[in-house]
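These are the residues of each chain, in order.
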Amino acid sequence: MGRGTLRIYLGAAPGVGKTYAMLSEAGRRLARGTDCVVGHAEHHGRPRTEALLWGLEVVPPRELEHRGAVRAEMDVEAVLRRAPAVAMVDELAHTNVPGSRNAKRWQDVEELLAAGIDVVSTVNIQHLESLGDVVESITGVRQRETVPDEFVRRADQVELVDMSPQALRRRMAHGNIYQPDKVDAALSHHFRPGNLTALRELALLWVADRVDEHLTRYRSEHRVSAIWGSRERILVGLTGGPEGRTLIRRAARLAEKGAGGEVLAVYVARSDGLTSASPKELAVQRTLVEDLGGTFHHVVGDDVPAALLDFARGANATQIVLGSSRRKTWQYVLGPGVGTLVARDCGPDLDVHIVTHEEVAKGRGLPAARGARLGRARIVAGWATGVAGPALLALLLVTVDPGLANDMLLFLALTVAAALLGGLLPALASAAVGSVLLNYFYAPPLHRFTIADPRNIVGILIFVGVAVAVAAVVDLAARRTDQAARLRAESEILSFLAGSVLRGDTSLEALLERVRETFAMESAALLERAGDVAPWTCAGAAGPGARVARPEEADVDVPVGDHMALALSGRVLPASDRRADDVAWSEEDRAELLEGIEDGADRLDHLIGNLLDMSRLQTGTVTPLIREIDVDEVVPRALGGVPEDRVGLVELDVPETLPMVAVDPGLLERSVANLVENAVKHGPPGTRVLVAASALADRVEVRVVDRGPGVPDEAKDRIFEPFQRYGDAPRGSGVGLGLAVARGFAEAMGGTLTAEDTPGGGLTMVLTLRAAPRPAEDVPAAAPAVLTGPPALHGRRAS
C-alpha cells in the first residue's frame, strides 16, 4: 500500500472558514462514493459548521483525564482500524493531551498517511514553526502550538481559505466565531485590523512561494527554458565593485513596482580566479540586498555573460540589472563588455537595464590576472606561433640578412611567445623548427643540413638550450599561477559556504542549494545508507528533480565518508572540480587536536553550567536539599576539575575530626570547585593553593588560599558580582561567573562567602558553613571551641 495524500486548508486566522471548507469537502467526496470519515473536527459551537457533520461518519474520540478534567482527543488507533480512504482531521498543530499516542496531531496525521489513508486537514499561518518570531512581533503572543514547515510543504495540496479583515471582524461581531462574552476582547487584541492584515499577507506570501516551487518543478520536469513572467524577478549582476550598491538599490525600486517582486543579486567568480573582487565589498553588498528583502547568490563560471543568463533562466528572472562598463575607450579593442553580450544574447523574454554610476569609464577597478589559465584557445595560438611562426619569419628574412646572431634572437623571441601562449610543448616545437631553419637557411653551407663552422654549431645548441629553458620556466610560472588562482577561487567558495552557516543557513537543504549554485548544477542531493549493501536514502536535496535513488544516476557522484555521497545533476564536472580528498593527520597532530577539543569542551561545559546556575539563582529556583555530611567527603571531590599539570600544586588540609555540616552536598562541591579553579587560574605559575578547613563555635570555615597579587579592599565585594573580572585577570580566564555562583550557592545553604587578604600577599576566600547540631549527650560539659588548620590565609579574583 502506498503513502496517502495530504490536503491542507490554510488560513490567516481563526474563523476564516477552514473547518467549514474541510467538512464541505468531506460531503462532496461522500456524495461521489468515497469512503470518508471524520477523525476529528472542532466546530466551536458554530451552527453552520456543526450542521455539516450531519450524515458524516465520525470516529468516536478517545477520552483522557488531564489535570482533573476529561479531554477528548482523536482516536488514532480507531481510525487505523477503520481504514477509510479519506480521514478529516482538524487543527493540524494541536498538542495532544499527555498519554496520547503521539505528542502532536501532525504526528497522528503522519501515521495515517503512512498507512495509506488520505488526509484533509486545517492549520492557521501563525502555527507554522518558522513564522513564530514574526507572528509574535505582530500579535504580541508567542504561539506554543506549532507544526514543522517541512511537513506542510510536503503536502500534496495546500489551499488558501481567505477572508478580508473587515469581513472577518464582522463575523466576529455577529458572534459567528467566538462566544459573545469573548468578542470585545478578541476585536481589541488579536482581531485588530492591522494584525489580521499582516497575518493575511503572511498567508498569501507563503502560498505564493509554494506555487512558485510547483512552477519551478514543472518547468524543470518539462524542460521549459523560456521565461514565464508570472512575477517580477530582478537579477542584479555584481562584479564586486562599489557600483554594486547603486545597482542593488535600483533593482529594489524596480521590484517594488510589481506585486511580489523579488531581487536576486548574483556574483560570478571565474573558476580560475581571474577576477579579484573585494570580499569586504561583497559582504557589504550581501548585507544590503538581504536588508532590502532580496537574496545573494555566488556562482562559478568562466563565461560571465553565459553564467548570468543561465542563472536568470533557471531562476525564471524577468529583468537583469547591470552597471555601465568601467572600461576606458581604448579598452574596447579587447572585446565587448559583459553588458553588451548579455543584452545581445538575452532573447525577447528578458529585459536588460544598463544603469549608470560614478565608476563609469574610470578603468577596470578589478584587474584581471594575465596568463593564469592555459585554455584551449591559448594552446592553439601557441602551437600556431611555435610551428607556423618560424616559417613565416624565415620567409621575411629571405630579403634581409641581419646576421646569424640576430637571426637566433628573432627565432628565440618566437619561442618565448609560443611558451607564453601555449606552454611548454608549443615552445619546444618552436625551438626545434627554429633550429632546423637556422641550420638550413643561415648557417653555412646554406640550404644544406650541415654546418661548416663549429662556432655556428655551438650557437645553435645554445639557442636550443635557452629556448627550452625559457619555455620551461614560462610554462611552470603559468601553471603555478593557474593553480594559485584555482585555490583562491576554492577558498572563496568555502568562505562563502561557511559564512552561510554563521548567518543561520544551517539547514542541509540551504547548504545543498549553495553547492548547486556554486557549481552551476541543476540539482544537488546528499544520499546516505546504513551499510555497504543497504539501500540509499535521500538526506537532503536542492533543486527540481533532485531526489535521485542512487548516486550512479547523477551526472556527478562524489563520495562523502564511508556511507554518504553527494549527487549533482546538470553537467559533468572536470576532474579539477571533483576533488574530495580528506586531510591526512599524523598521530601527534590527531592527539593534539583531540586534546584541544576535549579542553575546549570542558571549558564550554563549565561555562554553560555557571550560566545555568546563575540563571537559577537570579530567578530564585535553587532549592537546596540540606542534609548532614562530613566536609572531608565533599571537598576532595571538588578538586576533580583542576588541570592535571596543576593538581600537584593544590594542598589539602581538611581534618577528619571536624563536625558535620548541614549543607547541600552538590551545591557545596560546586562552590568549592569554583573557588579552587579561580585560585589556580589566577595564582602565579608554580605557586601552591591551600584548601583548609577549620571549626569555630557553631560553624565550619573552608578557606581557599592563593599567593597572587591580591585584591584591594574596595574591590572585594565587586568580584562577587556576575560578569565581573578583576583588572589583572588575563584574557580567556573566564566571564566572571565562578565567584558569583559560589556565593549564591553558599547563601542558599545558609552560609557566607567573603574575601580576605592572605598574610604575606594573596587572596583568601572564606566559605562559612553551619555546623550540624550534635545530640546533647555528645557535647562535653565545657567544650572549648576547637580551631584546627592554619590561621586565616587565602585569595583570588573572579573567574
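The present account deals with the structure reproduced in this document.

Rules behind the numbers
Residues numbered from 1 in each chain as written. Predicted model: local features only at pLDDT ≥ 70, side-chain atom pairs only at ≥ 80, totals over all residues. Heavy atoms only, no water. Helix = DSSP H or I, 4+ residues; strand = E, 2+ residues; numbered from the N terminus. Contact = heavy atoms within 4.5 Å. Areas by Shrake-Rupley, 256 points an atom, 1.4 Å probe, with all protein chains shown as cover. Salt bridge = Lys/Arg side-chain N within 4 Å of Asp/Glu carboxyl O. Buried < 20%, exposed > 50% of the residue type's maximum accessible area, 1.4 Å probe, protein only. Pairing = 2+ DSSP bridges. Axes fitted to C-alpha atoms, helices over the stretch in contact; angles between N-to-C directions. Arc of directions from axis to C-beta. Phe/Tyr/Trp six-rings, centres within 6.5 Å; stacked < 30°, edge-to-face > 60°. Lys NZ or Arg CZ within 6 Å of the ring centre and 35° of its normal. Parallel < 35°, antiparallel > 145°, perpendicular 65-115°, else oblique. Left-handed = near helix turned anticlockwise from the far one by under 90°. Nonpolar A, V, L, I, M, F, W, Y, C, P; charged D, E, K, R; others polar. Core = buried A, V, L, I, M, F, W, Y, C linked by side-chain atoms within 4.5 Å. Patch = residues over 30% accessible without salt bridge, like charges linked within 9 Å, V, L, I, M, F, W, Y side chains within 5 Å.

## Considerations on the overall build of the protein chain
Okay, so step 1: When helices and strands are counted, the protein chain shows 22 helices and 24 strands.
Okay, so step 2: Counting contacts in the protein chain only where the partners sit at least 6 residues apart, residues at least 24 apart contribute 71% of the total.
Okay, so step 3: As displayed, the protein chain offers around 41000 Å² of accessible surface, 56% of which is attributable to carbon and sulfur atoms.

## A few points about the pattern of salt bridges
Okay, so step 1: The tally for this structure, following the rule as stated, stands at 23 salt bridges.
Okay, so step 2: The shortest N-O distance in the salt bridge between E159 and R7 comes to 2.6 Å. Of this pair, E159 sits in strand 8 (residues 157-161) while R7 is found in strand 1 (residues 6-11), placing the two residues 152 residues apart along the sequence.
Okay, so step 3: On the accessibility criterion, R7 (14% relative accessible area) is buried.
Okay, so step 4: The shortest N-O distance in the salt bridge between R200 and D162 comes to 2.8 Å.

## Here's the deal with the sheet that holds strand 14 (residues 523-528)
Okay, so step 1: With antiparallel pairing, four strands are arranged side by side in an open sheet as 15-14-17-16. Among the strands making up the open sheet, the edge pair consists of strand 15 (537-542) and strand 16 (556-559). In this sheet, neighbouring strand axes are inclined to one another by 20° on average, regardless of whether the strands run parallel or antiparallel.
Okay, so step 2: As paired strands, strand 14 and strand 15 are joined by five bridges and run antiparallel to one another.

## Observations regarding helix 13 (residues 338-345)
Okay, so step 1: Among the residues of helix 13, G339, L341 and V342 are the ones counted as buried. For helix 13, the angular spread of buried residues about the axis comes to 165°, placing them on one side.
Okay, so step 2: On its buried side, helix 13 packs onto helix 12 (304-314), strand 12 (319-323) and strand 13 (351-355).

## Some remarks on the sheet that holds strand 10 (residues 262-269)
Okay, so step 1: Judged by pairing direction, the sheet is parallel, and its five strands sit side by side in the order 11-10-9-12-13 without closing on themselves. Two strands close off the open sheet at either side, each with one partner strand: strand 11 (295-300) and strand 13. The sheet shows a mean angle of 25° between the axes of neighbouring strands, taken without regard to direction.
Okay, so step 2: Relative to strand 11, strand 10 is paired through six bridges, and the arrangement is parallel. What sits directly across from Y267, in strand 11, is H298.
Okay, so step 3: In this fold helix 12 packs onto strand 9 (233-238), strand 10, strand 11 and strand 12, with an angle of close to 150° to the strand it touches most, strand 10.

## Let's talk about the packing of aromatic side chains
Okay, so step 1: Across all of its chains, the model carries one aromatic pair by this definition.
Okay, so step 2: A centroid spacing of 5.4 Å and a plane angle of 50° characterise the contact between W106 and F151, whose relative ring orientation is tilted. One end of the pair, W106, is in helix 4 (residues 105-114); the other, F151, is in helix 6 (residues 149-153), with 45 residues separating them in the sequence.
Okay, so step 3: Judged by relative accessible area, which is 18%, W106 ranks as buried.
Okay, so step 4: In this structure, R743 is placed above the aromatic ring of F720, and the distance from its NZ or CZ to the ring centre is 3.9 Å.

## Regarding the packing of helix 12 against helix 13
Okay, so step 1: Packing of helix 12 against helix 13 brings their axes to within 9 Å, and their N-to-C directions diverge by 45°. Taken together, helix 12 and helix 13 sit at an angle that is classed as oblique. Relative to helix 13, helix 12 is oriented so that their crossing is right-handed. Of helix 13, the residues touching helix 12 (which contributes V304, P305, L308, L309 and R313) are V338, L341, V342 and D345.
Okay, so step 2: Partitioned by chemical class, the residues of the contact of helix 12 with helix 13 number seven nonpolar, no polar and two charged.

## Observations regarding the nonpolar core
Generally speaking, nonpolar side chains in soluble globular proteins are found buried as a group.
Okay, so step 1: Within the largest apolar cluster, 44 residues are counted, with the highest numbers of intra-cluster contacts made by M765 and L767.
Okay, so step 2: Those elements that place two or more of their residues in this core are helix 20 (631-634), strand 20 (661-663), helix 21 (665-682), strand 21 (689-696), strand 22 (699-705), helix 22 (738-748), strand 23 (752-757) and strand 24 (763-770).
Okay, so step 3: A per-element tally of this core places helix 21 first, with seven residues.
Okay, so step 4: Ignoring sequence-local partners within four residues, the contact set of L767 consists of L668, V672, L675, V700, E701, V702, A746, T752 and L753.
Okay, so step 5: Residues V76, L113, V147 and V207 belong to the second largest nonpolar core, which totals 35 residues.

## Considering unusual backbone geometry
Okay, so step 1: Positive phi values are uncommon outside glycine, yet A83 reaches one of about 50°.
Okay, so step 2: Relative to the helices and strands, A83 resides in the loop between helix 3 (76-82) and strand 6 (86-89).
Okay, so step 3: Residue A83 is classed as partly exposed on the basis of its relative accessible area of 46%.

## So, a nonpolar patch on the surface
Okay, so step 1: On the surface, I379, W383, V387, L425, L428 and V468 cluster together into a nonpolar patch covering about 470 Å² of accessible area.
Okay, so step 2: Elements with a minimum of two residues in the nonpolar patch: helix 14 (376-396) and helix 16 (424-442).
Okay, so step 3: Secondary-structure assignment places L425 in helix 16.
Okay, so step 4: Residue L425 is classed as exposed on the basis of its relative accessible area of 55%.

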